[in-house]
Amino acid sequence: MSKAKRSGVIFIAWLRNTRGATSVCSWSLRARENAGVAVPLRWEELAKVTAADAFPMTRALARAKRLKGDPWQGIERLKQTLPPLKR
């Protein structure tokens, strides 16, 4: 899981398959009561966030309005493939 040991690869948290464990892409509502939004954070902001519901819809919308551009702009043109599975 160490970032230093996975340069150039994507980490897939495949052990997140327990009851209540969720994983969503940025700017998505979490599948929980009070539906916090999964907002992208800068490293220096990470220590200030104490729970997954730290960004309710109103706070997430205010954060999104401060962005200089659409975070999903161009996503439809992105073409990626996964490399073959090494066994």
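Before reading on, note that the structure itself is shown above.
Report on the accompanying structure. (Residues numbered from 1 in each chain as written. Predicted model: local features only at pLDDT ≥ 70, side-chain atom pairs only at ≥ 80, totals over all residues. Heavy atoms only, no water.)

Our next topic: the overall build of the protein chain. Of the regular secondary structure elements, the protein chain holds one helix and two strands. Seen in sequence order, the protein chain has helices and strands lined up from the N terminus as β-β-α. A globule of 87 residues ought to have a C-alpha radius of gyration of about 12 Å, yet the protein chain, at 16 Å, is considerably larger. In terms of overall dimensions, the protein chain has C-alpha extents of about 45 × 35 × 25 Å along its principal axes. Taking all 87 residues of the protein chain together, the buried fraction comes to 14%. Put simply, of all contacts in the protein chain between residues at least 6 apart along the chain, 20% involve residues at least 24 apart. Side-chain charges of the protein chain comprise 18 positive and 6 negative groups, with the mean position of each set lying 8 Å from the other. (Helix = DSSP H or I, 4+ residues; strand = E, 2+ residues; numbered from the N terminus. Rg over C-alpha atoms; globule rule 2.2 N^0.38 Å. Buried < 20%, exposed > 50% of the residue type's maximum accessible area, 1.4 Å probe, protein only. Contact = heavy atoms within 4.5 Å. Lys, Arg positive; Asp, Glu negative; His and termini not counted. Charge placed at Lys NZ, Arg CZ, Asp CG, Glu CD.)

In the structure shown here, the tally under the stated rule is zero aromatic pairs. Positioned over the ring face of Phe-55 is Arg-59, at 4.2 Å from the centre of the ring. (Phe/Tyr/Trp six-rings, centres within 6.5 Å; stacked < 30°, edge-to-face > 60°. Lys NZ or Arg CZ within 6 Å of the ring centre and 35° of its normal.)

If charged atoms from side chains of opposite charge come close, those side chains can pair. In total, this model carries four salt bridges according to the counting rule given. The partner of Glu-45 in a salt bridge is Arg-63, and the shortest N-O contact between them spans 2.9 Å. Of this pair, Glu-45 sits in the loop between strand S2 (37-38) and helix H1 (57-65) while Arg-63 sits in helix H1, and the two are 18 residues apart along the sequence. Salt bridges sharing common partners tie together Arg-42, Glu-44, Glu-45 and Arg-63. (Salt bridge = Lys/Arg side-chain N within 4 Å of Asp/Glu carboxyl O.)

A surface patch of nonpolar side chains, amounting to about 270 Å² of accessible area, comprises Leu-29, Met-57 and Leu-61. Position of Leu-29 relative to the elements: it lies in strand S1 (residues 28-29). (Patch = residues over 30% accessible without salt bridge, like charges linked within 9 Å, V, L, I, M, F, W, Y side chains within 5 Å. Areas by Shrake-Rupley, 256 points an atom, 1.4 Å probe, with all protein chains shown as cover.)

What follows covers the nonpolar core. Listed in full, the five residues of the largest apolar core are Val-37, Val-39, Ala-54, Phe-55 and Ala-60. Filtering out sequence-adjacent residues up to four positions away, Ala-60 remains in contact with Trp-27, Val-37, Val-39 and Phe-55. (Core = buried A, V, L, I, M, F, W, Y, C linked by side-chain atoms within 4.5 Å.)

Time to look at unusual backbone geometry. Positioned with a positive phi, Trp-27 is a non-glycine residue whose angle comes to about 70°. Relative to the helices and strands, Trp-27 resides in the segment before S1.

The next subject is the side chain of Glu-45. By relative accessible area, which is 13% here, Glu-45 ends up buried. In terms of polar contacts, Glu-45 uses its side chain to reach the side chain of Arg-63, at 2.9 Å. (Polar contact = N/O pair within 3.5 Å; in protein donor to acceptor, adjacent residues only side chain to side chain.)

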